[in-house]
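Chains, contacts and geometry: an overview
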Amino acid sequence: FTSTRLIITLGEPRGALANLRMWRRQEGTLVLFSGLCASLLSTAIDEIMEWVLVWCIDSCAADEDLGLTDRLLIKASGAPVVQMLSAPVSCIGIIQRCQSAKVPGLIKPEPLRALLASLPWRATFEQLLLYSGMLAFTMSLTQWKLKMRKERQVLFPHLQ
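Residues numbered from 1 in each chain as written. Predicted model: local features only at pLDDT ≥ 70, side-chain atom pairs only at ≥ 80, totals over all residues. Heavy atoms only, no water.

1. Some points on the overall build of the protein chain
- Scanning the protein chain for helices and strands turns up six helices and zero strands.
- Ordered by position from N to C terminus, the α and β elements of the protein chain give α-α-α-α-α-α.
- Computed over its C-alpha atoms, the radius of gyration of the protein chain comes to 23 Å, more than 25% above the 15 Å expected for a compact globule of 160 residues.
- Across its three principal directions, the C-alpha atoms of the protein chain cover 80 × 30 × 25 Å.
- Residues counted as buried form 26% of the 160 residues belonging to the protein chain.
- Of the roughly 10900 Å² of accessible surface on the protein chain, a fraction of 67% belongs to carbon and sulfur atoms. (Helix = DSSP H or I, 4+ residues; strand = E, 2+ residues; numbered from the N terminus. Rg over C-alpha atoms; globule rule 2.2 N^0.38 Å. Buried < 20%, exposed > 50% of the residue type's maximum accessible area, 1.4 Å probe, protein only. Areas by Shrake-Rupley, 256 points an atom, 1.4 Å probe, with all protein chains shown as cover.)

2. As for the pattern of salt bridges
- A complete count under the given rule lists four salt bridges for this structure.
- D70 is paired through a salt bridge with K145; the nearest N and O atoms lie 3.1 Å apart. Remark: K145 occurs in helix α6 (residues 121-155) and D70 occurs in helix α4 (residues 68-97); sequence separation between them is 75 residues.
- Across the pair R122 and E126 runs a salt bridge, and its minimum N-O distance is 3.1 Å. Residue R122 and its partner E126 are both found in helix α6; the two are separated by four residues, about one turn of the helix.
- By relative accessible area, which is 66% here, R122 ends up exposed.
- Of the residues examined, E126 reaches a relative accessible area of 41% and is grouped as partly exposed. (Salt bridge = Lys/Arg side-chain N within 4 Å of Asp/Glu carboxyl O.)

3. Some points on the nonpolar core
- Listed in full, the nine residues of the largest apolar core are L53, I57, A61, L66, I74, V81, V82, L135 and L146.
- Elements with a contribution of two residues or more to this core: α3 (36-60), α4 and α6.
- Sort the elements by how many residues they give to this core and α4 lands first, with three residues.
- Setting aside residues no more than four positions away along its own chain, L53 makes contact with K75, G78, A79 and V82. (Core = buried A, V, L, I, M, F, W, Y, C linked by side-chain atoms within 4.5 Å. Contact = heavy atoms within 4.5 Å.)

4. What about the confidence of the model for the protein chain?
- Chain-level statistics for the protein chain give a pLDDT mean of 83 and a share of 90% at 70 or above.
- The spread of mean pLDDT over the elements of the protein chain runs between helix α1 (residues 3-8), the lowest at 60, and helix α5 (residues 112-118), the highest at 92. (pLDDT = per-residue confidence, 0-100.)

5. Here's the deal with α3
- Helix length check: α3, at 25 residues, gives a terminal C-alpha distance of 36 Å against a target of 36 Å (1.5 Å per residue), a fit within 8%.
- Among the residues of α3, those classed as buried are A38, S39, S42, L53 and I57.
- Those residues of α3 that are buried are in contact with α4. (Expected span 1.5 Å × (residues − 1).)

6. Here we look at a nonpolar patch on the surface
- Together, F137, L141, W144 and M148 line one region of the surface with nonpolar side chains, adding up to about 440 Å² of accessible area.
- Mapped onto the elements of the fold, L141 is located in helix α6.
- Exposure remark for L141: the relative accessible area of 41% places this residue in the partly exposed category. (Patch = residues over 30% accessible without salt bridge, like charges linked within 9 Å, V, L, I, M, F, W, Y side chains within 5 Å.)

So this is what it looks like as structure tokens:
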């Protein structure tokens, strides 16, 4: 979790280990875990939403003959939607890792409310709409494909 800080301080003459020791000495051992809660929450949101997406695909396609490629295509189209839902939490974790009241060169800590207010919510919402539209389009094409397959089976049963 200190890798973000190490990237920020990359040009300094001190090495990475010296920076880690300095941070621990100035702010305590817990500084090595700053932003951990937000990162874990972001990962949990990703995992839960991916599970929900797979469950939705499986339950909606229970009586349909949805092939593996169609399932993977829908899952791939849904992945950006899932990621957009956890992106703000991930951003909070990254910002929290870069904050310090005592270390020069790092940004000063802000309350969580101020961090939330500073996030690019409009861009996040626009991307969420875009990716949701792409998911809806993929779902529509898949439904159309299944409908055409059923009609072909009814009209031309001998071609099965």
